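Single-letter residue listing:
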Amino acid sequence: MNISITIMIAFVIVCMYWAIKAGRGKNGNMEEWALGGRGMGAIITFFLLAGEFFTAFSLTGLVGLAYNSGIATLYIMTYISIGCVLGYFLLPKIRRYGKEHHLISQGDFFEKKYTSPFLGKLITIVGVVAIMPMIVMALKGLGLIVSVASYGAISSTTAIWIGSMIVVIYTLISGLHGSSRVALIKDVLTFGVLLFLGLYFPFHYHDGIGSMIKEVSEVKPQVLFFPDAGLSLVWFISSIVLMALGVYIWPHTFLSAFAAKSDKALRKNSILMPLYSLMQLFSCFVGFAAILTIPNLSGAESDLALIKLVFQTFDPWFVGLIGAAGLLASLVPCSVMLITIGSMITSNIYIPLKPNISARKQMNIARSFAIVAAIISLYLSLHSSGALVLLQLLSYNFIIQLFPSLIFSLMKKNFVTKQGAISGIVIGLSIALFSAATGTTVATLFPNLPSFILDINNGIYMLIINAIVTVIVSLVTQESTAESKSLKSEAI
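These numbers were taken from a predicted model, which means no experiment stands behind them.

### Some thoughts on the overall build of the protein chain
In terms of helices and strands, the protein chain carries 22 helices and zero strands. Here the C-alpha radius of gyration of the protein chain, 23 Å, is about what a compact globule of 492 residues would show, namely 23 Å. Referenced to the eigenvectors of the C-alpha coordinate spread, the extents of the protein chain come out at roughly 80 × 60 × 40 Å. Here the protein chain holds 492 residues, and the buried ones make up 55% of them. A separation of at least 24 residues holds for 85% of the contacts in the protein chain among residues at least 6 apart in sequence. Carbon and sulfur atoms make up 69% of the accessible area of the protein chain, which amounts to about 20,200 Å² in all. Each charge class in the protein chain can be summarised by its mean position, and for the 30 positive and 19 negative side chains these summaries are 13 Å apart.

This is how it looks when you write it as C-alpha cells:
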C-alpha cells in the first residue's frame, strides 16, 4: 500500500470516528438527526454552510476553469460574497420562522407561509431534482481525485463505491451532528492545501504572483480579459447577480439555517464567508501556474491541472493530502444533501399520508429515503447519461425559481397568494426545462439583438418572467382568496 492511500485512509478513519462520536446518543427524533437539535453554534454553523460552497470542485473543476477561462472564474468568488449580504438579512428570518413553527424542511417553510400543502410538495420535488445532480457530481469528483491521488491503485469506480458507503454509514448514524464535525476537518484541510499551493506554485516556478501573471499575459493573454461576446463582462455581471440571489435558497441551506442556535451565529457567518471565499482566488493562481508549467491540457485533462502539478513537484505523502482533501470535500456536501432529501420527502410527502407515526419512526423513514437517494446517486455516478447532463443544466435554474416567492413571503404584508406563488414557480420551471431540453435561449430566438443583451445570463430572463407571473396571478386571485377566508371565518 503506497503512502498516499495510507494518508487518505487515516483521514477517513479519524473523520468517521469523530462523526459517529458526535452523533452518539443524540438522534432520538428527526429534529435531532436532521437539524442537530437546532443547537449549532457560530463556528459549527460556519463550517456547515461553507461545506455547501466549497467542494471537490475547488480542487478540480475550478482550477480547470481558471486554466481555460481565466478571470471569468472569479464570478464564483464574487457572487458568494455578494450573496452573503443577502444572507445576513435572510437567514435569521428563515431560522426564527423555522424555530417558531417547528419546521424541518424547506418545503415546510413554503407550505406554512402560503398555507398550501401542494406548494410544500412542489418545493420538495424541485429541491430533490436540483440536489441529486450535485450529489452525483460530488461522487464523480471523489472518484476522480482518489483514483489519481492513489496513483491508479484505486479505480474511480471503486472509489465511488467506497465513498458512497462511507457517507451513508456516518450519515445514518450521526446525522447533522456528524456532518458538521467532519465539515470542520474538511474545510481546514482544503483551505490549507489551496492557500499553500496557490502561493507555492507561483513563487516556486515563476518568481511570484506578479511575474506569473505577466508571463501568462505573454503566453495566453485571452485568459486575463473578458471577450467582447460570450463570456463577456455583461455575462459576468448578470451571472453574479443571478447566482448571488440563489446562494441561500438551496434546500440544504434552509436545513443549516434551521439548525443554527441563534441569529447571531448566522450573521457572523454572513460577515466572515466573503473572506473565506478567497479560497477560490488561490484556485485561480494554481490554474494560472498550470498554464505556464503544463501547457496544452485539453478537455477533462484541465480538471487535473492541480494534481498534475502536485505530482511533478511533491512527494507521494503530499499527494495523499490532496486526495484526503478531495475525498472529504465530496463526503460532507453529500452527507448534508442526503439528510436534506430524506427529511424533505418524509416531512412533506410521507407524513401527510401517515400523520400519526412516532417521532422515532419519522426519523427512520427519513433515513430510509436518504439511503434510496444515495443508491440512485451511486447508480447515476457510475452510469452517466445525457439525462444527467440535462439535470445538471437544470439544477440552478430550477432552484432559483423559488426566489420571488421566498422574498415576498418575508414581507410584513405579503400580497402574494398561494396561486401566484405556484404559478410563478411552475412557469419558471417550464421555461427552464424547455430551454435546457431544446437549447432555446434569447440568442437563438433573437440572434440580431446587440451582444450586450444576448450575453445576459438566460436565468435572469426566466426569473423576471417568474416574478411577473407571480405578481399578476396574485393580484387576480387576491379577492377570491379573501372571500374564501371570510366564508371560513363566518362558518366557524
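Further notes follow.
### A word on the confidence of the model for the protein chain
Of the residues in the protein chain, 94% have a pLDDT of 70 or more, and the chain-wide mean is 87. Taken together, the stretch residues 487–492 has pLDDT below 50 and engages in zero contacts with residues farther than four places along the chain or on a different chain.

### With respect to the packing of aromatic side chains
Within this structure, the stated rule accounts for 23 aromatic pairs. Aromatic pair tyrosine 75 and tryptophan 235: ring centres 5.4 Å apart, planes at 70 degrees, arrangement edge-to-face. Of this pair, tyrosine 75 sits in helix α5 (residues 75–100) while tryptophan 235 sits in helix α10 (residues 233–246), and the two are 160 residues apart along the sequence. One exposure class covers both tyrosine 75 and tryptophan 235, and it is buried. Both rings, one in tyrosine 200 and one in phenylalanine 314, keep their centres 5.1 Å apart while their planes meet at 40 degrees; by these two values the pair is tilted. Of the two residues, tyrosine 200 is situated in helix α8 (residues 156–206) and phenylalanine 314 in the loop between α14 (305–313) and α15 (316–353); the sequence distance between them amounts to 114 residues. Note on tyrosine 200: relative accessible area 25%, which makes it partly exposed. One aromatic cluster in this structure is built from Phe196, Tyr200, Phe201, Tyr205, Phe314, Trp317 and Phe318.

### A few points about the pattern of salt bridges
A complete count under the given rule lists four salt bridges for this structure. Here aspartate 263 makes a salt bridge to arginine 96, at a shortest N to O gap of 2.4 Å. Here the residue aspartate 263 occupies a position in helix α12 (residues 263–276), and arginine 96 occupies one in helix α5, the gap between them amounting to 167 residues. Residue aspartate 263 is classed as buried on the basis of its relative accessible area, which comes to 12%. One salt-bridge network, held together by shared partners, links Arg95, Arg96 and Asp263.

### Here we look at the nonpolar core
Membership of the largest hydrophobic core comes to 156 residues, with the highest contact counts inside it found for Phe109 and Leu197. Residue contributions to this core peak at 19 residues, all from α15.

### Here we look at the environment of leucine 233
Here leucine 233 is to be found in helix α10. A residue is classified by how much of its surface remains accessible, and leucine 233, at 44% relative accessible area, is partly exposed. Ignoring any residue separated from it by four or fewer positions in sequence, one finds leucine 233 in contact with Phe226 and Pro227.

### Here we look at α10
The terminal C-alpha atoms of α10 lie 20 Å apart, and with 14 residues this matches the ideal 20 Å at 1.5 Å per residue to within 8%. Within α10 the residues assigned to the buried category are Trp235, Phe236, Ser238, Ser239, Ile240, Leu242, Met243, Ala244 and Gly246.

### Notes on the side chain of serine 435
When you line up the elements, serine 435 lands in helix α19 (residues 418–438). Among the polar contacts listed, one links the side chain of serine 435 to the backbone oxygen of threonine 440, at a separation of 2.7 Å. The residues contacting serine 435, other than those within four sequence positions of it, are Thr440, Thr441 and Met462.

### Concerning the packing of helix α7 (residues 117–149) against helix α16 (residues 359–382)
It is at 9 Å that the axes of α7 and α16 come closest, and there the two elements cross at 60 degrees. Looking at the two axes, α7 sits oblique to α16. Seen along the crossing, α7 lies across α16 with a hand that is right-handed. Here α7 contributes Met132, Ile135, Val136, Leu139 and Lys140 to the contact with α16, which in turn contributes Ala373, Ile376, Ser377, Leu378, Leu380 and Ser381. Among the residues forming the contact of α7 with α16, the class breakdown is eight nonpolar, two polar and one charged.

### Details of the packing of helix α13 (residues 279–293) against α14
Where α13 contacts α14, the two axes come as close as 9 Å, and the packing angle between them is 65 degrees. Note that α13 runs across α14; the crossing there is left-handed. For the pair α13 and α14, the contacting residues are Val286, Ala289, Ala290 and Thr293 in the first and Ala305, Leu306, Leu309 and Gln312 in the second. Its residues assigned to classes, the contact of α13 with α14 shows six nonpolar, two polar and no charged.

Thresholds applied
- Residues numbered from 1 in each chain as written.
- Predicted model: local features only at pLDDT ≥ 70, side-chain atom pairs only at ≥ 80, totals over all residues.
- Heavy atoms only, no water.
- Helix = DSSP H or I, 4+ residues; strand = E, 2+ residues; numbered from the N terminus.
- Rg over C-alpha atoms; globule rule 2.2 N^0.38 Å.
- Buried < 20%, exposed > 50% of the residue type's maximum accessible area, 1.4 Å probe, protein only.
- Contact = heavy atoms within 4.5 Å.
- Areas by Shrake-Rupley, 256 points an atom, 1.4 Å probe, with all protein chains shown as cover.
- Lys, Arg positive; Asp, Glu negative; His and termini not counted.
- Charge placed at Lys NZ, Arg CZ, Asp CG, Glu CD.
- pLDDT = per-residue confidence, 0-100.
- Phe/Tyr/Trp six-rings, centres within 6.5 Å; stacked < 30°, edge-to-face > 60°.
- Salt bridge = Lys/Arg side-chain N within 4 Å of Asp/Glu carboxyl O.
- Core = buried A, V, L, I, M, F, W, Y, C linked by side-chain atoms within 4.5 Å.
- Expected span 1.5 Å × (residues − 1).
- Polar contact = N/O pair within 3.5 Å; in protein donor to acceptor, adjacent residues only side chain to side chain.
- Axes fitted to C-alpha atoms, helices over the stretch in contact; angles between N-to-C directions.
- Parallel < 35°, antiparallel > 145°, perpendicular 65-115°, else oblique.
- Left-handed = near helix turned anticlockwise from the far one by under 90°.
- Nonpolar A, V, L, I, M, F, W, Y, C, P; charged D, E, K, R; others polar.

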